[in-house]
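Survey of secondary and tertiary structure
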Amino acid sequence: MSQTNISDQIRSLRKSKGLSQEALAANAGINLRTLQRIEKGSVEPRGETLRMLAQALDVSIEELATTTVSATVPVKEDSGYLKLMNLSALTLWFIPLGNVFIPLAMWIYKKNQIQGVRELGKRILNFQIAWTLITYGLAYLSIFSTFTGTFTMNPFAMLPVMLTLFVANTIFVIFMHRKISREEKNIYGNETANHQVSA
């Protein structure tokens with residue numbers, strides 16, 4: 001694991017907030033020497049130290065922790081990939097379950113190489129999996145009721161319901177695309193996504 005990435009992140013966040021090392025150490029309640037060693041990359045913050053630094057820098061622990069990646073894979077910014085990963089869910093119109101498998105493949109491929117992919121990908125997948133279970137679950141119930149003869153759900157009435165769910169998902173994905181483009185907060189219900197995208 002690379003200690004340089006997390007040390008650079010802490011140093012960058014500290015400077016962006018106009019804090020000296022002394023001020024950050026005091027705010028976090030840690031020893032100044034410890035902070036200096038962390039920023040040099042000679043020590044990796046863990047546990048309570050990581051939590052106190054994250055709190056003092058006003059970021060989540062996960063945001064700091066996910067910056068620690070393999071030294072052989074540089075993390076870069078690419079907002080275009082984040083947008084594409086989000087829009088890939090629209091393949092639901094052409095590929096059955098494409099709204100899950102395409103974003104999943106993109107997430108696995110770049111989660112440690114592009115900043116923000118790891119967290120945003122999880123949010124996209126959580127939403128699309130939930131949508132898929134609901135949508136295809138309703139379709140299954142409709143088909144099952146036809147075969148059993150109970151007709152608890154009219155198959156013909158389900159067609160507009162399914163179409164509405166597909167359109168709603170599409171509108172939501174486009175809405176999230178606009179939020180990612182504007183680097184807004186609360187992307188897929190995640191308040192820290194803005195930090196991940198624009199950091």
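Residues numbered from 1 in each chain as written. Predicted model: local features only at pLDDT ≥ 70, side-chain atom pairs only at ≥ 80, totals over all residues. Heavy atoms only, no water.

Regarding helix 2 (residues 21-28)
All of the buried residues along helix 2 are L24, A25 and A28. Each buried residue of helix 2 lies within a common arc of 100 degrees when the element is viewed along its axis, so the set occupies one face. Those residues of helix 2 that are exposed and angled more than 90 degrees off the buried face are A26 and N27. Backbone geometry just downstream of helix 2 places G29 in the positive-phi region, at approximately 75 degrees. (Buried < 20%, exposed > 50% of the residue type's maximum accessible area, 1.4 Å probe, protein only. Helix = DSSP H or I, 4+ residues; strand = E, 2+ residues; numbered from the N terminus. Arc of directions from axis to C-beta.)

Examining helix 6 (residues 79-87)
Among the residues of helix 6, those classed as buried are Y81, L82, M85 and N86. Mapping the buried residues of helix 6 onto a view down its axis gives an arc of 135 degrees, with all of them on the same face.

Some details on the pattern of salt bridges
In the structure shown here, the tally under the stated rule is four salt bridges. A salt bridge links D8 to R11; its shortest N-O distance comes to 2.3 Å. On the criterion of helical spacing, the pair formed by D8 and R11 is a turn pair, its members being three residues apart in helix 1 (residues 3-16). R51 is the salt-bridge partner of E48, the closest N and O atoms lying 2.5 Å from each other. Separated by three residues within a single helix, E48 and R51 lie in helix 4 (residues 47-57), roughly one turn from each other. In this structure R51 comes out as partly exposed when scored by relative accessible area, which is 33%. (Salt bridge = Lys/Arg side-chain N within 4 Å of Asp/Glu carboxyl O.)

Here's the deal with the packing of aromatic side chains
Across all of its chains, the model carries four aromatic pairs by this definition. Between the aromatic rings of W131 and F166, the centroid separation amounts to 5.1 Å while the plane-to-plane angle is 75 degrees, which identifies the pairing as edge-to-face. Remark: F166 occurs in helix 9 (residues 155-181) and W131 occurs in helix 8 (residues 117-148); sequence separation between them is 35 residues. Residue W131 shares its accessibility class with F166, and that shared class is buried. One aromatic cluster is present, formed by W93, W131, Y136 and F166 through successive ring pairs. Looking at K111, its charged tip hangs above the ring of W107, at a distance of 4.5 Å from the centre. (Phe/Tyr/Trp six-rings, centres within 6.5 Å; stacked < 30°, edge-to-face > 60°. Lys NZ or Arg CZ within 6 Å of the ring centre and 35° of its normal.)

So, the environment of K122
Mapped onto the fold, K122 is located in helix 8. Separated by 15 residues in sequence, K122 and W107 have C-alpha atoms that sit 8.0 Å apart.

Some words on the packing of helix 2 against helix 3 (residues 32-40)
Their axes nearest at 9 Å, the elements helix 2 and helix 3 cross at an angle of 115 degrees. The angle between the axes of helix 2 and helix 3 places the two elements in the roughly perpendicular class. Note on packing geometry: the crossing formed by helix 2 with helix 3 is right-handed. Residues Q21, E22, L24 and A25 of helix 2 pack against L32, L35, Q36 and E39 of helix 3. (Axes fitted to C-alpha atoms, helices over the stretch in contact; angles between N-to-C directions. Parallel < 35°, antiparallel > 145°, perpendicular 65-115°, else oblique. Left-handed = near helix turned anticlockwise from the far one by under 90°. Contact = heavy atoms within 4.5 Å.)

That's the geometry; what it means functionally is another story.
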